[in-house]
Amino acid sequence: MDGNYGGLNDGVDESWGPAFNTSINENDGIDNDGDGQVDEAGEGARIDQYQGKDLPWVPQPDNFKDLFQTGVSMTNNVSISASGDKVYSRFSVTNMDQTGMVPNTDISRTSVNFSFGAELSKKLTTEGNITYTRTHSDNRPGTGYAGDNVVQQFIWSGRQIDINDLRDKWQTRDEYGNVYNWLHSYQNNPFFTLYKNLKPQTRDRINGYYAVKYQLTDWLRIKARVGDDLYRESRKRIFAKETLDYPNGRFDEDLLYVNEMNSDVLVTADKTFGDLQITVNAGANHMTRRYERNSVTVQALTVPEIYNVSNADGNPINDVFTSDKVINSVYGMATLAFKDFLYVDITGRNDWSSTLPVGSNSYFYPSVNLSMVLSEAITLPDAISYVKIRGGWAKVGSDTDPYQLNAVYNANTAWAGIPSFSLSNVLPPTALTPEFTSSLEVGLDLKFFQNRLGIDATYYQAATTNQILPVDAAPSTGYTSQLINAGKIDNSGVELMVSLAPVRTKNFGWDIMVNFAKNKSVVRELPEGVDAIRLGRYWSLDLEAREGEAYGNFRGFSAKYDANGNIILDGGLPSREATPTVLGTITPDWIGGIRNTLRYKNASLTFLVDVRKGSDIFSMTYMFGRYAGVLQESLEGRGSADEVKNGYVYEGVNADGTPNTTPMDAETWNVFYYQSLGGHDRSIFDGSFVKLREVNLTYDLPRGFLSKTPFGKLSVGAYGRNLWLIFSNLPHIDPETAFGNSNGIQGFEFGQTPSARTIGFTVDATF
Amino acid sequence: MMKKYLYKLFLLVLVVAVAPACTDDFAELNTNPNAPTDVPSTNILVSAITNSISRIHGADMNMTYGGLWAQHYAKIQYIDEDYYSYRTANMDAHWTGLYVGPLLDLQTIIEKEDTPANMKAAAMTLKAYIFSVITDMWGDIPYFSALKGGEAIQPVYDSQEDIYKDLVVQLEQAAGMFDEGGDDLGAGDVLYGGDISKWIKFANSLRMRLLNRMSGVNPAAKATLESMINSGASIISSNDDNASLVYVGDVSYSNPLYANKHYSGRNDHASSKTMVDMLLSLNDPRIAVYAEPTKNDPSVYNGQPNGSVQPGDFGTISLIGEAFRDDPEGPSHVITYAEMLFIKAEVMNDKQAYLDGIAAAMEMYDLTPSADYLSAAGAAFDTDYIQAIANQRWIALFGNGCEAFSEYRRTGYPSTIQEVPGSVYPGKGVPYRFAYATTEFTTNGSNLNTAISSQGIDDSGLFGAKMWWAK
């Protein structure tokens, strides 16, 4: 392998071939390679490689680990408060600086907050708050199935690659004039990617509000409030010249501007009639949201390393999009409290949204909540300190994004100056109505033995109807998706929290907190002509909501198995079911956690163990890792020279039920199973885990000790997060690393930066 | 001071309290200012022409599937598709990329009330072309109820036979609808620059291609074909009439095989040994156009055998010729004069048309067949004219892999195209078809499953019943 398509495995980012260190035998006491010495490890198998000719064929067990460095994150916060008789103000600055675990990546965040209030007269008060936050990174690491995610090339990889050699020489060139690397197709030198193909981003955000309150009478007041949240963000993705995917260089730049403004007036009446206290609110809200995006893509550079539009070779592609949205609302709330034991809350709100069709753009949604503190009303045994029952019903309405109602033509890049347009791929809705979620919730809150045992239980049921969703359309309709009101989806579940304080003395305390939650979702109805809503898709595996099934099932292709669970082979290779079937679900059976807090005098120690049962994950790291032969599991059938040469009889049965006898080489088997077959079943894993999530140790310096210092309070602490994956069924990766939490990408995993074990120290001082 | 605040406060109260009632401007507010709801047809036409032709002749559909399985090209890296191991995502992209985009755009032009006759006829011609490619690749497909949006959200699959019968009718109507003195197609006609007479030739030529393809299973088609030839229908009659898309050559619109190599940096394909050996055995001068000599020995042409392991040394293999891989403007030929001559030769058993076809095909590369070449070709014709024509057509179609794949499946020639040694479906032969898009499983499952079972398609997705026209 010389990086120029000679040698072994060259031009391929896979890891097949002879075993490492297989000298003809390094331990046979013979000079196999004839260099006058008895062979040392690897000497018997010397192979042309990218670093040079005739080099030992040896593994690099730490080639992945050595890519990373220790990331450092530092957070500092200072705040100053000042208050007088009629005014107060508070000013704080927080700064966070982080250098990444992936080399040459960082992020920093600085936020400045100022809040104030003043009593202008007995009846008139005013208050405000403004926060400025700047988030900046010179380079963010790439993610997902993309060449700029450097983790990708440890899945598509050769295990002989020496990452430290690539780090040392990425700025040099090989004898062919190429950027020094282990191959010249598919993967860039990871350090070239990290130091040349930068992804800087900056966001400046200002949010705050200003409010005036006027007390009309002792029971009636009016409040006016204007709030605004606006940010400007720039993001750039750079590909230097000589990047394999973009040999001529490329960059994309997005500028975003978002401004959401809310104006409210609220009239509040507050009156007590004997044991009954009534609060009534009536208000109105006007919301405007402005969105602007200005994107430019430069597809090739004239001069290297200048990432300015003026340096474009050919026409840059511009995409400008602006949108406006308005929601007007009126709302009312009433709270009734009787004798500190019975509480009733009633709300109602009507929204008018500009995004829905005229005629169905007005929607009303109410709620009712009731709670009773029984322990206040009736006398209970001493052991029972507190009993509260609660119940509620709520409905929430929602709209959609702007401009969804009409089909438009999208501009393509002009063909030789001739404007080119295509009709949008999204079939607009014929009659869109607001979506609603209504939910019913009952709960019980119990405390025993002077609050040393607490139980808080909740049961809920929620139904989402007419959810506004873009769902896939059959491409043969001419469209890839249609925006619809999508049927009915039910959710129900329980949440349980138990707190226990087994020991509570002056010097020593022990608190235990247990959490448990379980949710079940069912897709009740979908509209006519829609079999399923596709939530996400990678490599032909769909994440779906299908009528009668749970929300978020994986549907894909499985290899064929007989009744006894044996894989059915055809000519020594697996065969596949013709149609996709359900292969897993992303919803966990339940999640839970136990937090223990031990306190001794001024020191306290907390540790949290989290548990998740269920929640399947489609590991594309595993799928491509098997294809590329980089994973330990791919060693089945590569165990001996004989197996490599003559093949290996994989376990399975023929169509007639007889055991398989056809030998197959491991590369063919793995490439076929994990790519050609298009089977997903063996790359979907149970994502259950038990984790030591957090350990926290803090120590408050004794007040007596501090009395001679300027500190009012001083505490020091150490913490560790994500410390130990105690149990997992998922090979090679952290079950909690998946693409993200939005519905469409939950449950999919590929090439995540490994989750970090964080260890930190805190100093908290008050003057 | 207090009064001033109060005044402002109540002004705000008034504005906010009254505002909810103000929804009058909502329709205007929710009108997209970024994109038009109507554009001139010519600006849609340019998109339909360029997006469909560049896809059908592209690095995926042509170089990695149709043309690969027709053994014009062979893979030298990531051999998967050459082992008939297709990527389902690619099949999805081919299917979606033709229905959504080009076909919908053409349907929009056809359905617009004010579309003039020539524009409508041009859209009908292109639509028939694209549908013919889809059915040739997949067999039964949604046709009559396709492209209807919400009116048929799950379009049924129609039989290839019914589709073919309608396509030739549509093309006949389109040819008749064109009026040389009629409306101008505008700047968007990047295929013929507004020459309506050439559009008529294109529509008729395409109709002849389809009639010829169905002639083996539909005697009426053969009769129509003969009468078209005998009556001298206006068809492509020189290379100037070819339906060929010449690319702009810029970073957005370059020849797709050029862009694959130069903008995407991919070099996964070489010349197929099947093609190189055929050209060498015929002493065909097109070898120097279709293939590169090997890097290690510039006097040698050596094709890569399809579906074999990656070559140990790329320097020993002939890559695809510069005219196809290194010319940013290099044209994609949809249908050519040579094809017309080969159809005539086949239908009428006309040796002269066959020899003229060879010359026309070579003329596209500024070559002329030598006397020796023609006499050897003539001898081959005399031995087995069907095979001789099929072999020459296959050579002439280099660069138009999907059409070559269809003609191979119809005729079974060249006979040197055989199942590849590394086939993942050993013993089944060369694939009969493309696999259906998996997106259709989720969105149109029951119709798709009916189509799969009625065509007897097996689990691989590639085998089962042959194309209707190949039976």
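Residues numbered from 1 in each chain as written. Chains lettered and ligands numbered in written order. Predicted model: local features only at pLDDT ≥ 70, side-chain atom pairs only at ≥ 80, totals over all residues.

**A closer look at the overall build of chain B**
Moving on, step 1. Summing up its helical and strand segments, chain B has 19 helices and six strands in all.
Moving on, step 2. Taken over 471 residues, chain B has a buried fraction of 57%.
Moving on, step 3. Restricting to contacts in chain B with at least 6 residues of sequence separation, those with at least 24 account for 73%. (Helix = DSSP H or I, 4+ residues; strand = E, 2+ residues; numbered from the N terminus. Buried ≥ 20, exposed ≤ 12 C-beta atoms within 10 Å, placed from the backbone. Contact = placed C-beta atoms within 7 Å.)

**Digging into the overall build of chain A**
Moving on, step 1. Tallying secondary structure elements over chain A gives eight helices and 35 strands in all.
Moving on, step 2. Judged by the C-alpha coordinates and their principal axes, chain A covers about 105 × 75 × 60 Å.
Moving on, step 3. Within the span of chain A, comprising 767 residues, buried residues form 30% of the whole.
Moving on, step 4. Here the contacts in chain A between residues at least 6 apart in sequence split such that 62% fall between residues at least 24 apart.

**Some details on the environment of L198(A)**
All names here are of chain A.
Moving on, step 1. Its location among the elements puts L198 in the loop between helix 3 (190–196) and strand 7 (201–215).
Moving on, step 2. On the basis of neighbour counts, which here come to 21 C-beta atoms within 10 Å, the residue L198 falls in the buried class.
Moving on, step 3. Residues L198 and P141 lie 57 residues apart in sequence; the distance between their C-alpha atoms is 8.5 Å.

**Things to note about the sheet that holds strand 27 (residues 581–585) of chain A**
Residues and elements named next belong to chain A.
Moving on, step 1. Taking strand neighbours across the sheet as the criterion, the four strands line up as 22-23-24-27 in an open arrangement whose pairing is antiparallel. The sheet is open, and its two borders are formed by strand 22 (532–538) and strand 27, each paired with just one other strand. Each adjacent strand pair in this sheet contributes to an overall mean axis angle of 35°, direction not counted.
Moving on, step 2. Of the strand pairs in this sheet, strand 23 (residues 541–546) and strand 24 (residues 551–556) are connected by four bridges, and their pairing is antiparallel. Residue pairing across strands places D542 opposite R555, the latter belonging to strand 24. (Pairing = 2+ DSSP bridges. Axes fitted to C-alpha atoms, helices over the stretch in contact; angles between N-to-C directions.)

**Quick look at helix 4 (residues 61–69) of chain B**
Residues and elements named next belong to chain B.
Moving on, step 1. In terms of residue burial, helix 4 counts as a mostly covered element, since nine of its nine residues are buried.
Moving on, step 2. Looking only at helix 4, the buried set comprises M61, N62, M63, T64, Y65, G66, G67, L68 and W69.
Moving on, step 3. Summarising the contacts, the buried residues of helix 4 are in contact with helix 3 (41–56), strand 1 (73–75), helix 5 (88–111), helix 10 (256–262), strand 5 (269–271) and helix 18 (401–411).
Moving on, step 4. Q71, located one to two residues past helix 4, shows a positive phi value of around 60°.

**Thoughts on the interface of chain B and chain A**
Moving on, step 1. Chain B puts 81 residues into the contact, and the matching count from chain A is 88 residues.
Moving on, step 2. Listed by contribution, the elements that provide at least two residues to the side of chain B that touches chain A are helix 1 (2–18), helix 2 (26–29), helix 3, helix 5 and helix 19 (438–454) of chain B.
Moving on, step 3. Examining the composition of the side of chain B that touches chain A, we find that twelve residues originate from one element, helix 5 of chain B, more than from any other.

**Some words on helix 5 of chain B**
Moving on, step 1. Relative to the 34 Å expected for 24 residues at 1.5 Å per residue, helix 5 of chain B spans 33 Å between its end C-alpha atoms, a close match to the ideal helical length.
Moving on, step 2. Of all the bends in helix 5 of chain B, the greatest measures close to 35° and is centred on L103(B). (Expected span 1.5 Å × (residues − 1). Bend = angle between axes of the 7 residues up to and from the residue.)

**As for the nonpolar core**
Moving on, step 1. The biggest cluster of nonpolar side chains holds 226 residues, and the ones touching the most others in it are I533(A), L45(B) and Y354(B).
Moving on, step 2. Once residues lying within four places of it in the same chain are set aside, the contact partners of L45(B) are I109(B), A122(B), A123(B), L185(B), G188(B) and D189(B).
Moving on, step 3. Ranked by size, the runner-up nonpolar core spans ten residues in total, among them I238(A), V298(A), Y307(A) and A312(A). (Core = buried A, V, L, I, M, F, W, Y, C linked by C-beta atoms within 7 Å.)

**With respect to the sheet that holds strand 30 (residues 616–619) of chain A**
All names here are of chain A.
Moving on, step 1. Read from one edge of the open sheet, three strands run 31-30-34, paired in mixed fashion. A single partner strand is all that each edge strand has here, and the edge strands are strand 31 (684–686) and strand 34 (748–749).
Moving on, step 2. Sheet topology places strand 30 next to strand 34; two bridges connect them, and they run parallel. Of the residues in strand 34, the one forming a bridge with S619 is E749.
Moving on, step 3. This element, helix 5 (residues 620–628), spans strand 30 and strand 34 of the sheet and lies at about 35° to strand 30.

**Observations concerning the packing of helix 8 (residues 196–214) of chain B against helix 14 (residues 337–348) of chain B**
Residue and element names in this part refer to chain B.
Moving on, step 1. Where helix 8 contacts helix 14, the axes come no closer than 10 Å and their chain directions differ by 40°. Relative to helix 14, helix 8 is oriented oblique. Considering how the two elements wind past one another, helix 8 and helix 14 form a crossing that is left-handed. Within the contact between the two elements, helix 8 uses S205, M208, R209 and N212 and helix 14 uses E339, M340, I343, E346 and V347.
Moving on, step 2. Its residues placed into classes, the contact of helix 8 with helix 14 shows four nonpolar, two polar and three charged. (Parallel < 35°, antiparallel > 145°, perpendicular 65-115°, else oblique. Left-handed = near helix turned anticlockwise from the far one by under 90°. Nonpolar A, V, L, I, M, F, W, Y, C, P; charged D, E, K, R; others polar.)

**Concerning the pairing of strand 19 (residues 453–472) of chain A**
Residues and elements named next belong to chain A.
Moving on, step 1. Examined bridge by bridge, strand 18 (residues 435–448) and strand 19 share 13 bridges and lie antiparallel to one another. By the bridge assignment, E441 is partnered in strand 19 with Y460.
Moving on, step 2. In the sheet, strand 19 pairs with strand 20 (residues 481–504) via 19 bridges, with the strands oriented antiparallel. Paired with Y460 across the two strands is G493, which belongs to strand 20.

**So, unusual backbone geometry**
Trans peptide bonds make up most of the peptide bonds, and negative phi angles are found at most residues other than glycine.
Moving on, step 1. Cis geometry marks the peptide bond from Y413(B) to P414(B), where omega comes out at 0°.
Moving on, step 2. Within the secondary structure, P414(B) is located in the loop between helix 18 and helix 19.
Moving on, step 3. The backbone of N451(A) sits at a positive phi, close to 65°, despite the residue not being glycine.
Moving on, step 4. With respect to the helices, strands and loops of the structure, N451(A) is situated in the loop between strand 18 and strand 19.
Moving on, step 5. Located in the positive-phi region is N283(B), a residue other than glycine, with phi close to 55°.
Moving on, step 6. Here N283(B) lies in the loop between helix 11 (273–282) and helix 12 (287–290).
Moving on, step 7. Residue N283(B) is classed as exposed on the basis of its C-beta count, with 11 C-beta atoms lying within 10 Å.

**Looking at the packing of helix 17 (residues 385–396) of chain B against helix 18 of chain B**
All names here are of chain B.
Moving on, step 1. Where helix 17 meets helix 18, the axes come as close as 10 Å, and the angle between the chain directions of the two elements is 165°. Here helix 17 lies roughly antiparallel to helix 18, going by the angle between them. The interaxial crossing formed by helix 17 with helix 18 has left-handed handedness. Contact with helix 17, carried on its side by I386, A390, R393 and W394, involves A404, E407, Y408 and T411 of helix 18 and no other residues of that element.
Moving on, step 2. Partitioning the contact of helix 17 with helix 18 into residue classes produces five nonpolar, one polar and two charged.

**Remarks on the pairing of strand 5 (residues 106–119) of chain A**
Residues and elements named next belong to chain A.
Moving on, step 1. In this sheet, strand 5 lies alongside strand 4 (residues 87–99) in antiparallel orientation, the contact comprising 13 bridges. Looking at the pairing, D97 lines up with S108 of strand 5.
Moving on, step 2. Two strands pair when backbone bridges link them, and strand 5 and strand 6 (residues 124–137) are joined in this way by twelve bridges, in the antiparallel orientation. What sits directly across from V112, in strand 6, is Y132.
Moving on, step 3. From the end of strand 5 to the start of strand 6, which pair antiparallel, there are four residues.

**Some thoughts on the environment of T355(A)**
Moving on, step 1. When you line up the elements, T355(A) lands in the loop between strand 12 (342–353) and strand 13 (362–373).
Moving on, step 2. A count of 23 C-beta atoms within 10 Å places T355(A) in the buried class.
Moving on, step 3. The residues touching T355(A), leaving out its near neighbours within four places in the chain, are K325(A), D399(A), T400(A), D401(A), P402(A), Q404(A) and N30(B).

**Notes on the environment of Q352(B)**
Residue and element names in this part refer to chain B.
Moving on, step 1. Its place among the elements puts Q352 in helix 15 (residues 351–363).
Moving on, step 2. Take Q352: there are 13 C-beta atoms within 10 Å of it, and that puts it in the partly exposed class.
Moving on, step 3. It is 9.0 Å that separates the C-alpha atoms of Q352 and L341, two residues lying eleven residues apart in sequence.

**Some words on the confidence of the model for chain A**
All names here are of chain A.
Moving on, step 1. The pLDDT averaged across chain A works out to 89; a share of 94% of its residues lies at or above 70.
Moving on, step 2. Of all the helices and strands in chain A, strand 1 (residues 46–49) carries the lowest mean pLDDT, 72, while strand 18 carries the highest, 97.
Moving on, step 3. The low-confidence segment residues 1–9 (pLDDT under 50) makes 36 contacts with residues lying over four places distant or belonging to another chain. (pLDDT = per-residue confidence, 0-100.)

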